[in-house]
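# Observations on the model geometry
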Amino acid sequence: MSEEWMFPRVQKLPKYVFSMVNELKYKLRREGEDIVDLGMGNPDLPPAEHIIEKLCEVARRDNVHGYSASKGIPRLRKAICDFYKRRYGVELDPESQAILTIGAKEGYSHLILAMIEPGDSVIVPNPTYPIHYYAPIIAGGDAISIPIIPDNEESFEEHFLKRVHDTLRSSYRKPKALVISFPHNPTTLCVGIEFFKEIVKLAKREEVWVIHDFAYADLGFDGYTPPSILQVEGAKDIAVEIYSMSKGFSMAGWRVAFVLGNEILIKNLAHLKSYLDYGVFTPIQVASIIALESPYEIVEKNKEVYQKRRDVLVEGLNRIGWEVKKPKGSMFVWARIPEWVGMNSLEFSLFLLKEAKVAVSPGIGFGEYGEGYVRFALVENEHRIRQAVRGIKKAFQKFRQAV
């Protein structure tokens with residue numbers, strides 16, 4: 001479709017950088033190449049068997065195939081609140097402080113649509129998950145990027161807080177909200193509860209909303225447990241948190257997430273969604289209740305799988321001379337491109353695809369401050385990850401010989 005045929009709102013959205021990598025990946029696969037796909041963060045692990053069985057059981061009932069409840073059936077909202085009480089010690093009211101969304105992406109996008117009007121802006125880290133930046137633009141507002149410095153993990157919290165403060169104070173029209181997400185995609189940066197205390201303090205003082213995308217809540221490694229911002233006293237006065245069942249529970253395609261916390265934001269989101277959707281398929285909601293009420297060990301098992309994959313990938317890359325740190329959380333590895341390569345992130349991603357038969361995500365796809373990096377998703381088994389490392393080693397050797 002040529003640009004003159006595109007509607008103005010769609011014209012504001014650039015071509016997805018990742019599609020360039022995907023196009024080559026599909027082309028190579030059609031030609032018979034075996035591609036180890038560590039690009040998209042699409043979980044390959046199935047949900048626990050008893051959750052699938054409950055979905056099938058309920059789907060066979062005659063009375064569950066009509067429209068469901070947009071904000072989530074009451075028992076599911078109670079289940080997520082009970083889960084938060086057990087997991088984080090956070091008290092939530094299922095009626096006013098919890099709403100089901102059709103995945104985190106939909107929940108965030110429609111929350112932004114409910115909040116933003118022309119002239120409004122939202123502060124977003126850079127690099128970031130693309131919808132965090134583009135949802136405000138789709139809604140007719142603007143996004144203000146604040147760089148996150150992944151190489152200074154020990155001091156980035158202080159620098160980030162200062163940038164947020166300076167942006168709020170220097171903006172002609174104060175931004176409407178601050179969007180954060182930890183463990184962070186794509187940089188894998190993690191924070192402690194003290195960071196959230198400072199965020200809440202700053203947001204209250206400056207009278208700005210906070211949206212915390214907690215997509216990787218369940219994926220903390222080496223004894224690290226990602227905290228919830230709602231654990232901070234007074235957080236519910238200015239913040240909501242988006243909890244997703246996609247990663248820890250391996251239910252990505254089921255599209256089950258929740259927006260939790262501030263009553264005003266949730267009330268507005270619920271009102272907007274009542275015009276837009278009829279909720280998630282009822283059998284999925286019932287099976288999600290079973291998942292949330294199950295022993296947390298089903299999530300711990302998935303976390304252990306990701307941690308082992310992380311170790312295989314990072315240790316393998318370090319052995320072949322590509323220095324990469326082990327992340328404390330998320331399902332990704334964020335790797336600085338070796339300086340001797342002399343390529344930008346898109347060029348390097350295409351190089352790995354063609355020469356190593358490994359798909360990764362170019363850092364530039366997450367914002368300009370992602371340039372110089374690539375992101376690996378831990379979505380193939382350990383055997384395939386070892387295959388990826390061998391492919392990268394051969395590609396590096398071939399490149400060195402050529403130059």
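Details of the structure are given in the entry above.
The structure contained in this document is the topic of the report that follows. Since the model is a prediction, treat every value here as computed from it, not as a measurement.

### As for the overall build of the protein chain
A tally of regular secondary structure across the protein chain gives 13 helices and 12 strands. A compact globule built from 403 residues should have a C-alpha radius of gyration of about 22 Å, and the protein chain, at 21 Å, falls within 12% of that. Projecting the C-alpha coordinates of the protein chain onto the three principal axes gives extents of approximately 65 × 55 × 50 Å. Residue pairs at least 24 apart in sequence account for 76% of intrachain contacts in the protein chain once pairs closer than 6 positions are excluded. When the accessible surface of the protein chain is split by element, carbon and sulfur atoms take 52% of a total near 18300 Å².

### Notes on the environment of Gly 370
Relative to the elements of secondary structure, Gly 370 occurs in the loop between strand S11 (361-362) and strand S12 (373-377). Owing to a relative accessible area of 0%, Gly 370 belongs among the buried residues under this scheme. Between the C-alpha atom of Gly 370 and that of Pro 186, which follows or precedes it by 184 residues, the distance is 8.5 Å. Those residues within four positions of Gly 370 in sequence are excluded, and the remaining contacts are Asn 126, Pro 127, Trp 334, Gly 363 and Ile 364.

### Side note on the sheet that holds strand S8 (residues 257-261)
With mixed pairing, the 7 strands of this open sheet are ordered in space as S2-S8-S7-S6-S5-S3-S4. Only two strands of the sheet have a single partner each, and these edge strands are strand S2 (98-101) and strand S4 (142-147). Pairs of neighbouring strands in the sheet enclose a mean axial angle of 20°, with direction left out of account. Here strand S7 (residues 239-244) runs beside S8; their pairing, made up of 5 bridges, is antiparallel. Bridging from a neighbouring strand, Val 240 pairs with Gly 261 of S8.

### Section: the side chain of Ser 349
Among the structural elements, Ser 349 can be located in helix H12 (residues 345-356). By relative accessible area, Ser 349 is classed as buried at 0%. Beyond its immediate stretch of four places on either side in the chain, Ser 349 contacts Val 21, Val 360, Ser 361, Pro 362 and Val 374.

### Let's talk about the packing of aromatic side chains
This structure, assessed with the given rule, holds 25 aromatic pairs. Taking 4.8 Å as the distance between ring centres and 55° as the angle between the ring planes, the aromatic pair formed by Tyr 84 and Tyr 88 counts as tilted. Here the residue Tyr 84 and the residue Tyr 88 both occupy positions in helix H4 (residues 74-88), the gap between them amounting to 4 residues, near one helical turn. Like Tyr 84, the residue Tyr 88 is buried in the burial classification. The interplanar angle of 40° and the centroid separation of 6.3 Å between the aromatic rings of Phe 160 and Phe 195 together place this pair among those described as tilted.

### Observations regarding the sheet that holds S11
With respect to topology, 3 strands assemble into an open sheet ordered S9-S12-S11, the strand pairing being antiparallel. Where the open sheet ends on each side, the last strands, each with one partner, are strand S9 (332-336) and S11. Bridge count for S9 against S12 is 5 bridges, and the pairing is antiparallel. Across the sheet, Arg 336 pairs through a bridge with Tyr 373, a residue of S12.

### Describing unusual backbone geometry
Phi is mostly negative for residues that are not glycine, and the peptide bonds are mostly trans. Cis geometry is found at the peptide bond from Phe 182 to Pro 183, where omega equals -5°. Looking at the element boundaries, Pro 183 is found in the loop between strand S5 (177-180) and helix H8 (193-206). Residue Pro 186 is bonded to the preceding Asn 185 through a cis peptide linkage, with omega at 15°. One can find Pro 186 in the loop between S5 and H8. Here Lys 357, not a glycine, exhibits a phi torsion of approximately 60°, which is positive. Assignment of secondary structure puts Lys 357 in the loop between H12 and strand S10 (358-359). Of the residues examined, Lys 357 reaches a relative accessible area of 22% and is grouped as partly exposed.

### Considering helix H9 (residues 263-276)
An α-helical turn contains 3.6 residues, so any two residues separated by three or four positions project in the same direction. Its 14 residues place the ends of H9 20 Å apart at the C-alpha level, agreeing with the 20 Å of an ideal helix rising 1.5 Å per residue. Residues of H9 that are buried: Leu 265, Ile 266, Leu 269 and Lys 273. Down the axis of H9, the buried set is contained in an arc of 90°. They therefore lie on one face. Residues Lys 267, His 271 and Tyr 275 are exposed on H9 and point more than 90 degrees away from its buried face.

### Some words on the nonpolar core
Ranked by internal contacts, the top residues of the largest apolar core, which has 63 residues, are Ile 80, Tyr 84, Tyr 243, Phe 249 and Phe 258. Ignoring any residue separated from it by four or fewer positions in sequence, one finds Phe 249 in contact with Pro 47, Phe 83, Asp 218, Tyr 243, Ala 291, Leu 292, Ile 298, Val 299 and Asn 302. Ranked by size, the runner-up nonpolar core spans 39 residues in total, among them Ala 215, Val 358, Val 379 and Val 389.

### Notes on the pattern of salt bridges
Using the criterion set out here, one finds 30 salt bridges in the structure. Lys 27 is the salt-bridge partner of Glu 31, the closest N and O atoms lying 2.7 Å from each other. As a salt-bridge pair, Lys 326 and Asp 311 come within 3.3 Å of each other at their nearest N and O atoms. On the criterion of sequence distance, the pair formed by Lys 326 in the loop between helix H11 (297-319) and S9 and Asp 311 in helix H11 is long-range, its members being 15 residues apart. Judged by its relative accessible area of 37%, Lys 326 falls in the partly exposed class. A single network of salt bridges, built from pairs that share partners, joins Asp 222, Arg 310, Asp 311, Glu 315 and Lys 326.

Thresholds, definitions, all that
- Throughout this document, residue positions are counted from 1 along each chain, in the order its sequence is written.
- Residues qualify for local features only when their pLDDT is at least 70, as the model is predicted, and side-chain atom pairs are given and counted only at 80 or more; totals for whole chains, interfaces and linings, by contrast, use all residues.
- Computation of side-chain values: all heavy atoms of the structure, hydrogens and water removed.
- Only DSSP runs of H or I with at least four residues qualify as helices, and only runs of E with at least two residues qualify as strands; both kinds are numbered from the N terminus onward.
- The reference for a compact globule is 2.2 Å times residues^0.38; the radius of gyration itself is calculated from the C-alpha atoms.
- For this analysis, residues touch if any pair of their heavy atoms sits within 4.5 Å.
- A 1.4 Å probe and the Shrake-Rupley method give the accessible areas. Residues count as covered only by the protein chains that appear here.
- Burial classification: accessible surface area is computed with a 1.4 Å probe over protein chains only, and a residue below 20% of its type maximum counts as buried, one above 50% as exposed, and the rest as partly exposed.
- Any two strands are treated as partners once DSSP identifies two or more bridges connecting them.
- To obtain an axis, a line is fitted to C-alpha atoms, over the contacting stretch when the element is a helix, and the angle between two such axes runs from 0 to 180 degrees between their N-to-C directions.
- Two rings belonging to Phe, Tyr or Trp (six-membered ring only in the last case) form a pair when the distance between their centres is within 6.5 Å. Interplanar angles under 30 degrees mark stacking, angles over 60 mark edge-to-face geometry, and anything in between is tilted.
- Given a helix with a known number of residues, its expected span is that number minus one, times 1.5 Å.
- Regarding the arc, it is the one traced by the directions from the helix axis to the C-beta atoms.
- In these notes, a set of buried Ala, Val, Leu, Ile, Met, Phe, Trp, Tyr and Cys residues joined through side-chain atoms within 4.5 Å is what counts as a nonpolar core.
- The salt bridge definition used is simple: a Lys or Arg side-chain nitrogen within 4 Å of an Asp or Glu carboxyl oxygen.

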